[in-house]
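Below are the chains, spelled out letter by letter.
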Amino acid sequence: MARVAVAMSGGVDSSTAAAILREDGHEVVGITLQLWDYTVANLASGRGRCCSPTDIADARIVSNQLNIPHYVFDHSDAFEDHIVEPFVQEYKNGRTPSPCINCNRLVKFDILWKIARGLEADFLATGHYARLVASSARPQLHKGLDHSKDQSYFLFDVPAERFAKVMFPLGGLAKDDVRATARRLNLSVANKPESYELCFIPDGNKDNFVEGRLPIAQRRDGPVRHLDGTLLGHHGGLHRFTVGQRRGLGLTSSEALFVVALERETDTLVVGPSEALAAKKLDAVRCNWVSIEAPTEPLRAHARIRHRHNEVGALITPRGDDRVRVEFKEAQRAITPGQGVAFYDGDLLLGGGWIEGT
Amino acid sequence: MNTFPDVYLDYNASVPLCVEAINAMQPWLTGSVSNPSSVHRSGQRSRAAVERARGQVAKLLGCQPSAVIFTSGGTEANNMAIWGGLGWPPHGHLVVSSIEHPAVMEPAVALRDLGVEVTFVPANNQAVVTLEAVRAAISPNTRLISIMAANNEVGSLQPAEKIASIAHDFRALFHTDAVQAAPWTNLQPLALASDLLSLSSHKVAGPMGIGALYVRPGLDLPPFVRGGGQQGGRRGGTEATALIVGFGAACARTRAIRDESVARVAKLRDRLETTLLDSIGDARRNGGGSRLPNTCHMSFAHCDGNVLVARLDLDGVSASAGAACASGVAHASPVIDALSLPAEYRDGSLRLSLGYETTESDVNRAIHTIPCAVHAVRGAHLEVAR
């Protein structure tokens with residue numbers, strides 16, 4: 001029996017994770033981070049919400065049901081500084097951020113980790129769908145058994161040594177199993193609907209959120225240009241676009257046009273035909289290696305360039321300073337700067353990096 | 001997890017309900033209790049119980065029973081005093097300290113937002129509001145001064161009676177939030193000096209959800225909660241008979257055992273504090289000078305106070321990092337700001353507050369547990385520091 005600190009968001013996944021650990025006989029301690037400021041003024045201004053008071057109350061009710069202690073820590077400042085503001089700035093500068101990857105590295109497996117250590121927990125557990133297999137060398141992180149729920153991609157940037165003291169109780173379960181377990185244990189959140197949106201933008205309207213924090217004077221508007229050099233129009237700000245996007249361009253053209261690139265030097269939106277979105281390679285920076293040592297030689301693996309992307313065979317060549325070049329067997333569509341690329345060997349997450357360019 | 005019964009050192013957040021209050025309330029939690037305003041005999045019994053309890057609260061304050069208005073708690077009492085003390089509609093200049101409880105601070109901020117002139121008087125680095133600071137804030141237009149009797153976080157006693165006399169020199173009203181001071185100080189001279197004084201039942205071992213505002217006889221205070229004209233038209237709403245009866249019993253008990261408890265608890269607190277300061281490096285005591293005998297407020301460098309409190313709870317010691325707030329999340333408070341702590345101490349506050357029931361063995365357990373907990377939380381802080 002170990003002391004396990006469980007990150008509880010108030011949702012069915014983390015609640016069930018806590019319940020499973022409790023059934024397994026562990027000494028379970030619930031932890032919830034409050035990541036958003038819920039003063040009236042803040043709500044009235046229409047800002048987003050993450051771990052809302054209702055969610056925190058749900059986590060407390062579940063903890064009470066499970067008869068485990070539950071503590072709430074306010075880290076809304078860190079969430080604002082490390083996640084929300086960089087998210088807005090990345091969009092502003094014509095990149096497409098991946099806040100969940102950063103949240104895992106900078107919030108969940110850093111702040112929560114520190115709290116768990118302070119509570120002298122032997123492990124930190126979360127409701128991620130991923131599997132950890134102990135190994136004498138370093139922990140081996142695999143995809144969740146239910147590939148449709150797999151969240152390993154979001155974990156590639158977490159320092160590997162953390163996983164030695166992490167548990168993912170849901171890694172071997174399918175979502176239906178989790179719901180069934182929650183119902184069997186009569187957890188109050190068993191039927192709580194799932195959220196698919198970013199936690200701090202519950203209505204999913206990213207543009208509204210970004211523009212609420214980005215005064216018009218700061219928006220990077222500029223020309224819309226065809227790959228062939230033709231000036232097609234004007235756009236209201238790079239933040240509204242992402243590579244591969246077709247809607248919202250405001251163009252009248254017989255040809256189907258897509259965003260091919262966002263040129264930050266000139267604030268230009270470059271558009272072109274679908275074929276122009278294909279690229280056979282990418283450069284990634286700030287690579288982090290999870291289940292293996294940082295490679296020194298070229299490595300054959302499979303690469304995933306966004307969540308829910310089916311990874312493809314690739315040759316990964318280290319180029320020093322935590323940078324790699326990734327060459328795909330076949331061209332990939334809409335490789336997007338600012339997103340993460342994760343490397344796999346079958347179900348094993350090797351590591352990943354941040355897409356810089358193609 | 002530990003197998004000992006928990007050590008409760010969070011009396012400033014709430015005092016466990018005393019047996020006297022439980023026994024007194026029991027008959028009023030049955031199905032045959034009526035509205036104290038009803039004409040029939042069942043109503044008459046409720047009325048008599050409410051009025052007896054009003055007398056018990058009045059005795060604690062040394063005032064006449066009609067000066068006691070029951071409210072839903074300390075927060076409502078403070079709201080009633082701050083809003084009502086400025087007349088209706090609110091006008092004139094309001095002076096409050098910057099270390100008031102949110103139940104005073106928030107109404108003051110709301111009034112400021114409505115255009116009322118409000119001055120927030122800073123406290124010194126011992127969390128004490130000095131007479132000089134009050135004198136500097138006051139003006140001929142000042143209508144109400146509100147300064148707490150004792151600070152809830154660090155326990156510093158405020159020169160409330162002297163400030164009351166300054167207020168009266170300027171023909172201003174004086175309100176004091178005596179919620180935290182009530183179990184530990186003789187409130188009679190303070191009530192005599194004040195125009196308005198707030199009490200909370202659960203801070204004196206009565207039930208939660210009930211409190212009182214003392215209103216100096218002759219002072220015409222507009223109601224804050226308007227309704228059916230109860231309590232002389234000063235607070236609408238059917239009196240909560242059971243809660244009021246419990247509150248009354250708790251006040252009687254406080255009066256009976258307060259003085260003998262003060263010296264004993266102060267000794268326990270001092271031993272706890274001295275031993276912890278001796279055994280934990282980079283630790284400091286906050287709020288020196290004259291303070292409540294039960295409160296020990298310390299800060300530890302490089303230590304997350306919120307994690308420390310959680311960790312102590314797992315070890316069977318109930319404490320708090322500051323004031324308890326609605327969400328159960330502690331925030332950096334204006335009181336901590338007033339202390340002007342060095343940066344590395346700012347996140348590492350711990351409040352241990354003792355009560356009448358605190359024993360030698362409770363203090364021994366705390367002395368045994370807290371140093372290790374601080375060590376562990378600091379270790380985690382350094383381990384992950386980038």
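The rules behind each value
- Residues numbered from 1 in each chain as written.
- Chains lettered and ligands numbered in written order.
- Predicted model: local features only at pLDDT ≥ 70, side-chain atom pairs only at ≥ 80, totals over all residues.
- Helix = DSSP H or I, 4+ residues; strand = E, 2+ residues; numbered from the N terminus.
- Rg over C-alpha atoms; globule rule 2.2 N^0.38 Å.
- Buried ≥ 20, exposed ≤ 12 C-beta atoms within 10 Å, placed from the backbone.
- Contact = placed C-beta atoms within 7 Å.
- Core = buried A, V, L, I, M, F, W, Y, C linked by C-beta atoms within 7 Å.
- Domains from an automatic or database assignment.
- Nonpolar A, V, L, I, M, F, W, Y, C, P; charged D, E, K, R; others polar.
- Pairing = 2+ DSSP bridges.
- Axes fitted to C-alpha atoms, helices over the stretch in contact; angles between N-to-C directions.
- pLDDT = per-residue confidence, 0-100.
- Expected span 1.5 Å × (residues − 1).

**Topic: the overall build of chain B**
Within chain B, the regular secondary structure consists of 11 helices and 12 strands. Taking 21 Å as the expected radius of gyration for a compact globule of 386 residues, we find that chain B reaches 21 Å, a close match to that expectation. Seen along its three principal axes, the alpha-carbon backbone of chain B occupies a region of about 65 × 50 × 35 Å. Counting across all 386 residues of chain B, residues that qualify as buried make up 54%.

**Looking at the overall build of chain A**
The helix and strand inventory of chain A stands at eight helices and 17 strands. Along the three orthogonal principal directions, the C-alpha set of chain A runs to about 65 × 55 × 35 Å. Sorting the 358 residues of chain A into buried and exposed places 46% on the buried side. A sequence separation of at least 24 residues applies to 65% of the contacts in chain A between residues at least 6 apart.

**Focus: the nonpolar core**
Counting 223 residues, the largest nonpolar core has Ala5, Val6, Ala18, Ile31 and Leu112 of chain A together with Tyr214 of chain B as its most contacted members. Of the residues forming this core, the biggest block, 12 residues, is contributed by helix α8 (residues 241-279) of chain B.

**Some details on the domain arrangement of chain A**
Residue and element names in this part refer to chain A. Each domain of chain A was delimited in the assignment, giving domain 1 (3-127 + 169-184), domain 2 (220-272) and domain 3 (277-357). Centre-to-centre separation of domain 1 and domain 2, based on C-alpha positions: 38 Å. Listed per partner, the contact involves five residues of domain 1 and seven residues of domain 2. For the side of domain 1 that touches domain 2, the class distribution of residues is one nonpolar, three polar and one charged.

**A closer look at the interface of chain A and chain B**
Tallying the contact residues gives 18 residues for chain A and 18 residues for chain B. Of all the secondary structure elements, the ones that give two or more residues to the side of chain A that touches chain B are β2 (27-34), α3 (53-66), β3 (70-74) and α6 (111-118) of chain A. The element that contributes the greatest number of residues to the side of chain A that touches chain B is α6 of chain A, accounting for five residues. Within the side of chain A that touches chain B, the residues separate by chemical class into 10 nonpolar, two polar and six charged.

**Looking at the sheet that holds strand β10 (residues 258-263) of chain A**
Residue and element names in this part refer to chain A. In spatial order, the strands read β9-β8-β11-β10; together these four strands make up an open sheet with mixed pairing. The strands lining the two open edges of the sheet, one partner per strand, are β9 (231-235) and β10. In this sheet, adjacent strand axes meet at a mean angle of 30° when their direction is disregarded. The pairing of strand β8 (residues 222-226) with strand β11 (residues 268-272) spans three bridges and is classified as parallel. Looking across to β11, one finds that histidine 226 is bridged to valine 271.

**Points about the confidence of the model for chain B**
In this model, chain B carries an average pLDDT of 93, and 95% of its residues clear a pLDDT of 70 or more. What the predictor reports for the complex is a pTM of 0.89 with an ipTM of 0.86.

**Brief notes about the sheet that holds strand β10 (residues 295-300) of chain B**
All names here are of chain B. Across the sheet, three strands lie side by side as β9-β10-β12; this open sheet has antiparallel pairing. The open sheet has two edge strands with one neighbour each: β9 (283-285) and β12 (349-353). Sheet twist, expressed as the mean angle between neighbouring strand axes with direction ignored, is 25°. Two strands pair when backbone bridges link them, and β9 and β10 are joined in this way by three bridges, in the antiparallel orientation. Looking across to β10, one finds that arginine 284 is bridged to serine 299.

**Re α6 of chain A**
All names here are of chain A. Counting buried positions over the eight residues of α6 gives eight, a clear majority of the element. For α6, the complete set of buried residues consists of Ile111, Leu112, Trp113, Lys114, Ile115, Ala116, Arg117 and Gly118. Trailing α6 by a residue or two, glutamate 120 shows a phi angle of about 55°, which is positive.

**Some remarks on the domain arrangement of chain B**
Residues and elements named next belong to chain B. Taken domain by domain, chain B holds domain 1 (7-15 + 259-384) and domain 2 (19-254). Here domain 1 and domain 2 have C-alpha centroids that lie 28 Å from each other. Facing 24 residues of domain 1, the contacting portion of domain 2 comprises 25 residues. Sorting the residues of the side of domain 1 that touches domain 2 by element identifies β10 and α10 (334-338) as the ones contributing at least two each. If you tally residues by element for the side of domain 1 that touches domain 2, the top one is α10, at three residues. In terms of residue class, the side of domain 1 that touches domain 2 is made up of nine nonpolar, 13 polar and two charged.

**Notes on unusual backbone geometry**
All names here are of chain B. Looking along the chain, the bond that leaves tryptophan 88 and enters proline 89 is cis, with omega of -10°. Turning to its location among the elements, proline 89 is positioned in the loop between α3 (74-85) and β3 (93-97). Non-glycine residue arginine 171 carries a positive phi angle of around 60°. With respect to the element layout, arginine 171 can be found in the loop between α6 (160-169) and β6 (173-177). Even without being glycine, glutamine 231 reaches a positive phi, approximately 50°. Exposure remark for glutamine 231: the 22 C-beta atoms within 10 Å place this residue in the buried category.

**Things to note about the confidence of the model for chain A**
Of all residues in chain A, 96% attain a pLDDT of 70 or more, and the chain-wide mean is 91. Contacts of residues 44-49 of chain A to residues separated by more than four positions or lying in other chains number 11 contacts, the stretch itself having pLDDT below 50.

**Here we look at helix α2 (residues 41-61) of chain B**
Residues and elements named next belong to chain B. For α2, built from 21 residues, the straight-helix expectation of 30 Å at 1.5 Å per residue is met to within 8% by its first-to-last C-alpha distance of 30 Å. Along α2, the residues that are buried comprise Ser46, Ala49, Val50, Ala53, Arg54, Gln56, Val57, Ala58, Leu60 and Leu61. For α2, the elements touching its buried residues are β2 (68-71), α7 (188-193), β7 (196-200), β8 (211-215) and α8. Just beyond α2, the residue with positive phi is glycine 62, at close to 70°.

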